[in-house]
Structure formats: C-alpha cells, structure tokens
Amino acid sequence: ISEFDARQLRKMKLQLAAFRRGGLSLGSFIGDMNFLLNAIEGIPLDWKQRVHEFVATLEEVYAIGLDLGHTEVDEQGKDFVAEAIKGIQRCLEEIIIPEPSEDY
C-alpha cells in the first residue's frame, strides 16, 4: 500500500470513529467517505466496490430522511445505518494499514 493510500485509509478510520461517537453528521460522513474512496488509487476494485455499496446504503437512508423532511434518521433507518457502518468497519479491518512514516 502506498503512503498516499495508507493516509486515505487512516482518515477513513478516523471519520468512522468520529461518526460513531456522534462527532460527525451522516451527511458529512457520507461525503468524506466518498471523497476518500475516490482518492484511493492502489486498493483492489472489489474492496472499493464493497465499501461503496455500504456508503450507498447510507446515502439512501439519508436521502429518504431528507425527502420526508426529517432531521434525524428514523428507527428503521438506524438499523440500515448500523449494518452499513459495521460493513465499512469490517472492510477497513481487512486491510493492514501501515503506520505513517516519520520522514515527511
């Protein structure tokens, strides 16, 4: 894994942790994950597609909530969000992300 990709993956983990503890809105988390996924260059496409499918689930829940005028995710939506977050976590755990080098 290149240092560039490792930085993107570490950032994904940080954003996931921030979202889980409530420090990041669903909309911001979705935007960040899409940006970071698109920036990654050397990770297998099938991995990126699996993560994207989980992010797409989050996008659907978010969009439905917006369409209904809700400011919070409803109970059914929370179940979908929880499953998608677990999926993203599993994907991130599959990849060994090297520690940052001290040289930069």
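Before any of the text, the structure's been laid out above.
Residues numbered from 1 in each chain as written. Predicted model: local features only at pLDDT ≥ 70, side-chain atom pairs only at ≥ 80, totals over all residues. Heavy atoms only, no water.

Enquirer: So what exactly am I meant to see when it comes to the overall build of the chain here?
Expert: What the chain contains, in helices and strands, is four helices and zero strands. Starting at the N terminus and ending at the C terminus, the chain contains elements arranged as α-α-α-α. For a compact globule of 104 residues, the expected C-alpha radius of gyration is about 13 Å, and the chain comes in at 14 Å, within 12% of that figure. On the principal axes, the C-alpha backbone points of the chain span a range of 50 × 25 × 20 Å. Within the chain, the proportion of its 104 residues that are buried is 37%. Of the contacts formed within the chain by residues at least 6 apart in sequence, a portion of 73% connects residues at least 24 apart. Per element, the accessible surface of the chain, about 6600 Å² overall, is 53% carbon and sulfur. (Helix = DSSP H or I, 4+ residues; strand = E, 2+ residues; numbered from the N terminus. Rg over C-alpha atoms; globule rule 2.2 N^0.38 Å. Buried < 20%, exposed > 50% of the residue type's maximum accessible area, 1.4 Å probe, protein only. Contact = heavy atoms within 4.5 Å. Areas by Shrake-Rupley, 256 points an atom, 1.4 Å probe, with all protein chains shown as cover.)

Enquirer: I keep staring at the packing of aromatic side chains and nothing clicks. Help me out?
Expert: For any pair of aromatic rings, the description consists of the separation of the ring centres together with the inter-plane angle of the planes. Considering all chains together, one arrives at one aromatic pair under this definition. Arranged with centres 4.9 Å apart and planes meeting at 20 degrees, the rings of Phe 19 and Phe 29 form a pair that is stacked. One end of the pair, Phe 19, is in helix H1 (residues 3-20); the other, Phe 29, is in helix H2 (residues 26-39), and ten residues separate them in sequence. (Phe/Tyr/Trp six-rings, centres within 6.5 Å; stacked < 30°, edge-to-face > 60°.)

Enquirer: Please clarify how the packing of H2 against helix H3 (residues 45-67) should be interpreted in this entry.
Expert: Axis angle and axis distance: for two packed helices, these are the angle between their axes and the distance between the axes, and together they describe the pair. H3 packs onto H2 with a crossing angle of 155 degrees between their chain directions and a minimal axis gap of 10 Å. Relative to H3, H2 is oriented roughly antiparallel. Taken as a pair, H2 and H3 cross one another with a handedness that is left-handed. Along the contact surface, H2 presents Leu 26, Gly 27, Phe 29, Ile 30, Met 33, Asn 34 and Leu 37, while H3 presents Trp 47, Lys 48, Val 51, His 52, Val 55, Leu 58, Glu 59 and Tyr 62. When the residues that make up the contact of H2 with H3 are grouped by side-chain class, the tally is ten nonpolar, three polar and two charged. (Axes fitted to C-alpha atoms, helices over the stretch in contact; angles between N-to-C directions. Parallel < 35°, antiparallel > 145°, perpendicular 65-115°, else oblique. Left-handed = near helix turned anticlockwise from the far one by under 90°. Nonpolar A, V, L, I, M, F, W, Y, C, P; charged D, E, K, R; others polar.)

Enquirer: Looking at this structure, how should I read the side chain of Gln 8?
Expert: One can find Gln 8 in helix H1. Each residue touching Gln 8, except ones within four places of it in the same chain, is listed here: Leu 36, Ala 39 and Ile 40.

Enquirer: Would you explain the pattern of salt bridges in this entry?
Expert: Working definition: two side chains of opposite charge can pair if their charged atoms are close together. Counted under the stated rule, the structure contains four salt bridges. Between Lys 78 and Glu 75 there is a salt bridge, with its nearest N and O atoms 3.6 Å apart. Highlighted residues: Lys 78 and Glu 75, both in helix H4 (residues 75-94), separated by three residues, approximately one helical turn. By relative accessible area, Lys 78 is classed as partly exposed at 43%. Residue classification places Glu 75 among the exposed positions, given a relative accessible area of 56%. Lys 86 is paired through a salt bridge with Glu 83; the nearest N and O atoms lie 3.5 Å apart. Placement of the pair is Lys 86 and Glu 83 together in helix H4, with a separation of three residues, close to one helical turn. Among the residues examined, Lys 86 registers a relative accessible area of 41% and is labelled partly exposed. (Salt bridge = Lys/Arg side-chain N within 4 Å of Asp/Glu carboxyl O.)

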